[in-house]
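# Working through the structure, step by step
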Amino acid sequence: AGVVVSLGEGGEGRPVAAIEATGRFCALFHPLELKTELKCILARVGVLASRYGVPSRFDVRGDVAGLHVAKFAQFRNDDKFVCRADKDEAPRVHRKWNAVMFGQRGSRVYCRIYDKVLELSKDDEKRKEYLNVNQMESLPEVLTRVEFELRNEFFRETWNARCLDEVFNSLGELVSYLMHDWLRFCSSVDFNHTERAKTVSWWAWLKSKMVAAAGVIGERPKAETLPPDPSR
């Protein structure tokens, strides 16, 4: 079914349940339906959670036909992009995989943009499954995947989310943040004033499609306001 449930102990011996759902499972549901389904799966194995924590890993992805990954690589090579990855996480082009990567694998946010046709051509079972899930008879000649891999630290420290509901209830705003504030491709960039860089039309179009697919616009969770320290 593409779902794994693990039961164990957390800090101080507290019981913890973790659930892992693959992309092919998640693709079957609207985002809010997926959140409900994951909670139901835990309930069916006897887990009555008092709190659902933020994901340890969460992938946001979208596919675009007709726009080759070489276009992304060209803009990367010409420095026509704005990215919030750490300074030591230089974007890379991997020619063997036909991919462009921003950030580092395992960091808070990692983005990879790659040739989806090339990937599916190496695995006939995965290709058939992709066609079935997306109700397609055949793959387009050019198909590029844009994928953001988000880690627990991003949700807790950058996004201010404290629970699963706050993640799912702000998915549209989250995708908008990733594809504008964290990474965007631009017609030109003045690195002294990156906020002025104008997004190219094809990236703005893809962003609008992925925001719509998220299904929930919602607002970004607000950071907790701590009372002042009376000793200072």
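First things first, this report covers the structure right here in the doc.

Conventions used here
- Residues numbered from 1 in each chain as written.
- Predicted model: local features only at pLDDT ≥ 70, side-chain atom pairs only at ≥ 80, totals over all residues.
- Heavy atoms only, no water.
- Core = buried A, V, L, I, M, F, W, Y, C linked by side-chain atoms within 4.5 Å.
- Buried < 20%, exposed > 50% of the residue type's maximum accessible area, 1.4 Å probe, protein only.
- Helix = DSSP H or I, 4+ residues; strand = E, 2+ residues; numbered from the N terminus.
- Contact = heavy atoms within 4.5 Å.
- Phe/Tyr/Trp six-rings, centres within 6.5 Å; stacked < 30°, edge-to-face > 60°.
- Lys NZ or Arg CZ within 6 Å of the ring centre and 35° of its normal.
- Pairing = 2+ DSSP bridges.
- Axes fitted to C-alpha atoms, helices over the stretch in contact; angles between N-to-C directions.
- Polar contact = N/O pair within 3.5 Å; in protein donor to acceptor, adjacent residues only side chain to side chain.
- Salt bridge = Lys/Arg side-chain N within 4 Å of Asp/Glu carboxyl O.

With 46 residues, the main nonpolar core has Phe-148, Leu-150, Leu-178, Phe-185 and Trp-203 as its most contacted residues. It is helix 8 (residues 171-182) that provides the largest number of residues to this core, a total of seven residues. Filtering out sequence-adjacent residues up to four positions away, Phe-185 remains in contact with Phe-72, Phe-75, Lys-80, Phe-81, Phe-102, Ile-113, Lys-198, Thr-199, Val-200, Trp-202 and Trp-203.

A separate point is the packing of aromatic side chains. Counted according to the given criterion, the structure contains 17 aromatic pairs. Aromatic pair Phe-58 and Phe-155: ring centres 5.9 Å apart, planes at 90°, arrangement edge-to-face. Here Phe-58, found in strand 3 (residues 57-65), pairs with Phe-155, found in helix 6 (residues 152-158); they are 97 residues apart in sequence, far enough to count as distant. With respect to class, Phe-58 is no different from Phe-155; both count as buried. With 6.3 Å between their ring centres and 85° between their planes, Phe-148 and Trp-182 make a pair best called edge-to-face. With a gap of 34 residues between them, Phe-148 in strand 8 (residues 143-151) and Trp-182 in helix 8 connect regions that are remote in the sequence. Three or more aromatic residues joined by ring pairs make a cluster, and in this case those are Phe-72, Phe-75, Phe-81, Phe-102, Phe-185, Trp-202 and Trp-203. Sitting over the ring of Phe-75, Lys-80 keeps its end group 5.8 Å from the ring centre.

Our focus in this paragraph is the pairing of strand 1 (residues 3-9). As judged from the seven bridges shared by strand 1 and strand 2 (residues 15-21), these two strands associate in the antiparallel manner. Paired with Leu-7 across the two strands is Ala-17, which belongs to strand 2. From the end of strand 1 to the start of strand 2, which pair antiparallel, there are five residues, and Glu-12 there has a positive phi angle of about 60°.

Overall, antiparallel pairing links the five strands, which are arranged 3-8-7-6-5 in an open sheet. The open sheet has two edge strands with one neighbour each: strand 3 and strand 5 (92-94). Shown here is a sheet whose adjacent strand axes are inclined to one another by a mean of 15°, direction ignored. In this sheet, strand 6 (residues 99-102) lies alongside strand 5 in antiparallel orientation, the contact comprising three bridges. Pairing of His-94 across the sheet is with Ala-99, part of strand 6. On the sheet, helix 3 (residues 69-77) packs against strand 5, strand 6, strand 7 (109-115) and strand 8 and is oriented at approximately 45° with respect to strand 6.

Right, let's talk about the side chain of Thr-158 for a bit. Within the element layout of this structure, Thr-158 appears in helix 6. On the basis of relative accessible area, Thr-158 is assigned to the buried category, the value being 19%. Engagement of the side chain of Thr-158 in a polar contact is seen with the side chain of Arg-108, the distance being 3.1 Å. Excluding residues within four positions of it along the chain, Thr-158 makes contact with Arg-108, Glu-153, Tyr-177 and Arg-220.

Here the structure, examined in full by the defined rule, presents 22 salt bridges. Taking the shortest distance from any N to any O, the salt bridge between Arg-61 and Glu-147 comes out at 3.0 Å. Of this pair, Arg-61 sits in strand 3 while Glu-147 sits in strand 8, and the two are 86 residues apart along the sequence. For Arg-162, the salt bridge identified is with Glu-166, shortest N-O distance 3.1 Å. Taken together, the salt bridges that share partners define one network made up of Arg-57, Asp-59, Arg-61, Asp-63, Arg-105, Arg-112, Arg-145, Glu-147, Glu-149 and Arg-151.

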